Amino acid sequence: MHRRQIIKGLAASSLMLGAGGISAPLWASGRHRADVIIIGAGLAGLTSARYLKAQGLKVLLLEARKRVGGRIQTINTHGIHAEVGGLQIGQGYGLMRTFAQQLDLPLVSLGQYAEQNTFVINGQRISADEWPTHPQNSLAASEKNTLPSRLYYQMLSKGPQYALPWDWTLEKYAPLDISLEAYFKQQNISPEALRLMDANINALSLKELSAADAFYRLSLARIGGRGAQKIKGGNSRFIQALADDLTEELHTAKIVTSISQSSDKVAVRCEDGSEYIGKRCIITSPFSALKDVEIKADISPQKRHAIQHAQYTSVTQVHFAVKKQADVSMVQATNLWTDNALGRVFSQVDDAGELRYLTSWINGRQAKALDRLSTSEAVNIVKNALEKHYPGLKGKTEVVHHQSWANERFSKGAYIQFAPGQVQTLVPHMASIEGKLHFAGEHTEFMYSGMESAIVSGQRAAQEVSERL
Ligand SMILES: Cc1cc2nc3c(=O)[nH]c(=O)nc-3n(C[C@H](O)[C@H](O)[C@H](O)COP(=O)(O)OP(=O)(O)OC[C@H]3O[C@@H](n4cnc5c(N)ncnc54)[C@H](O)[C@@H]3O)c2cc1C
């Protein structure tokens, strides 16, 4: 057996972890030449790099930001590890959980990240018990008992179920590739239910989301089951552990601006003028950011169309540290679901059970509206809304972070979301190989969700490359 094949077998059987340090003949020498160039050091890019390095290939990992992790970022402040991006590691995340075990990173429960149990509707604070008969509940009679936070899943769960999540692109489901709003209107769902669902939808809006995509995500959630966890000490520890073995391969602050390919190589140019040459290239940047990169290569019109038109959701967050003297009775009612710019509020308590940290998490249209303002204007709106609904917190919070994923140059959104018509037209082209260009990232893998799909895609793209080198 050829030495590389043996190494390949070893790497695959050990899930490539701990196999670093294996050397093999390099395709070419020189700091700017590699067997494989990988663009983006998020979960997908880091996974690809580890896999290929373990096979003895020369890898160059180019990351635009000064930090690694992309849409995973933990803020460590006031004794709390707060996630700004990827948070929940589902029970079905087989590969991520295996990696965590091998990297010696224990998982812990999400703690106070519980379901919202108090609501602010039309400015009025309402408990879950009060909701069915509350004057602000103007849902249709058959909907009245459903909490605002549950309406979306309740309504979706009455709809069709795919036999398997990846059936969503089948021709027979094409009639579902319409807006979720249009679909719900066909089901006679009340205008007030539509309004409430839109207030915190995990998408741009009901109008901009394909119903086929919504049913796909529901089927993934059904498979995923309950009991999500996170990495003890924050999910960034997972990223750092992956990156620690890639010190030579990883180059941060490398903003890729153009990619070209010829019969024998791929050339990647960065904003600082540096150029890298590889035999093949794995592109993991979200299409929302890739849109800004000039691809001079001959790629299919369908792929170009997908890169240009892929939509990403807006998520904006404001993080607050709570000063010690805050009224402890607040803890009981801090997981709040609102129909206003405060979005949903999640609380975190310290080991003594004291309220320490609040995150206001705003989705969709409300996030889009805040994203048009300056950071200080957006933060003030959210802070004022927080203090209005929790008067006891006035003067007792400190804003520690503001995050607009849509305004981040190298993300331009939180997650991929397919618009009406796009499930049939874009999904089949997201992961297609284009000559020497391979594509990975959460937007290219449709058997898993979020972080797990990024990891699986990174492994898949690395395998595609290694089979062709
Ligand atoms: C708010 C939020 C909450 C989330 N919650 C969850 C959750 O609970 N559970 C879950 O499973 N998932 C969740 N996710 C999704 C999960 O975080 C992502 O699916 C995953 O991290 C994506 O990894 P990736 O490698 O595909 O992309 P990214 O992490 O985006 O990595 C791509 C990398 O490419 C880089 N890049 C972009 N453009 C260029 C360029 N021109 N040149 C060089 N580099 C470039 C970027 O800087 C980035 O580092 C959440 C995401 C967000 C934003």
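No experiment lies behind these values; they were computed from the predicted model shown. (Residues numbered from 1 in each chain as written. Predicted model: local features only at pLDDT ≥ 70, side-chain atom pairs only at ≥ 80, totals over all residues. Heavy atoms only, no water.)

A. The arrangement of the overall build of the protein chain in detail. Broken down by element type, the protein chain carries 14 helices and 21 strands. Burial analysis of the protein chain (469 residues in total) assigns 58% to the buried set. Only carbon and sulfur atoms are counted for the fraction: they give 50% of the accessible area of the protein chain, which is about 19,300 Å². (Helix = DSSP H or I, 4+ residues; strand = E, 2+ residues; numbered from the N terminus. Buried < 20%, exposed > 50% of the residue type's maximum accessible area, 1.4 Å probe, protein only. Areas by Shrake-Rupley, 256 points an atom, 1.4 Å probe, with all protein chains shown as cover.)

B. The arrangement of helix 3 (residues 94-102) in detail. Of the positions making up helix 3, those classed as buried are L95, M96, R97, F99 and A100. As for helix 3, its buried residues are in contact with helix 2 (43-54), strand 5 (107-109), strand 8 (229-231), helix 8 (236-244) and helix 14 (450-468). The positive-phi residue at the C-terminal boundary of helix 3 is D104, with phi of around 65°. (Contact = heavy atoms within 4.5 Å.)

C. Looking closely at unusual backbone geometry. Notably, H78 is not glycine yet its phi reads approximately 50°, a positive angle. Structurally, H78 is set in the loop between strand 3 (74-77) and strand 4 (80-83).

D. View of the pattern of salt bridges. Tallied over the entire structure, the rule returns 20 salt bridges. R409 is the partner of E271 in a salt bridge, and the nearest nitrogen-oxygen pair spans 2.7 Å. Separated by 138 residues along the polypeptide, E271 in the loop between strand 11 (266-270) and strand 12 (275-283) and R409 in the loop between strand 19 (397-404) and strand 20 (416-417) bring together distant segments of the chain. Taking the shortest distance from any N to any O, the salt bridge between E445 and R460 comes out at 3.2 Å. Separated by 15 residues along the polypeptide, E445 in the loop between strand 21 (437-439) and helix 14 and R460 in helix 14 bring together distant segments of the chain. Take E445: its relative accessible area is 10%, and that puts it in the buried class. Three or more residues are tied together by salt bridges with common partners; here these are E181, K185 and K207. (Salt bridge = Lys/Arg side-chain N within 4 Å of Asp/Glu carboxyl O.)

E. Just the environment of A100, in detail. Within the secondary structure, A100 is located in helix 3. Residues A100 and F238, 138 residues apart in the sequence, show an inter-C-alpha distance of 6.9 Å. For A100, the residues in contact, after removing those within four places along its chain, are L105, I231 and F238.

F. How the structure looks around helix 10 (residues 301-309). Restricting attention to buried positions, one finds in helix 10 the residues K303, A306 and I307. Buried residues of helix 10, viewed axially, fall in a sector of 95°; they line one side. Close packing links the buried residues of helix 10 with helix 9 (287-290), strand 13 (294-295) and strand 21. (Arc of directions from axis to C-beta.)

G. Just the packing of aromatic side chains, in detail. Here the structure, examined in full by the defined rule, presents 12 aromatic pairs. Aromatic pair Y152 and Y153: ring centres 5.2 Å apart, planes at 90°, arrangement edge-to-face. Relative to F418, the ring of W168 has its centre 5.8 Å away and its plane inclined at 70°; by these criteria the two rings are edge-to-face. Linking W168 in the loop between helix 4 (151-157) and helix 5 (180-186) with F418 in the loop between strand 20 and helix 13 (422-425), this pair joins segments that are 250 residues apart in sequence. Of the two residues, W168 and F418, both sit in the buried class. Each member of the aromatic cluster is reached from another via a ring pair, and the members are W168, Y216, F418 and F446. Geometry around F439 places K303 over its ring, the cationic atom sitting 3.8 Å from the centre. (Phe/Tyr/Trp six-rings, centres within 6.5 Å; stacked < 30°, edge-to-face > 60°. Lys NZ or Arg CZ within 6 Å of the ring centre and 35° of its normal.)

H. Molecular detail of the environment of K412. Checked against the element boundaries, K412 lands in the loop between strand 19 and strand 20. Residue class for K412 comes out partly exposed when judged on its relative accessible area of 31%. With 125 residues separating them in the primary sequence, K412 and F287 have C-alpha atoms 9.0 Å apart. Not counting the four nearest positions on each side in its chain, K412 is found in contact with S288, D292, Y312, W405 and A406. A polar contact of 2.5 Å, which involves the side chain of K412, links it to the side chain of D292. (Polar contact = N/O pair within 3.5 Å; in protein donor to acceptor, adjacent residues only side chain to side chain.)

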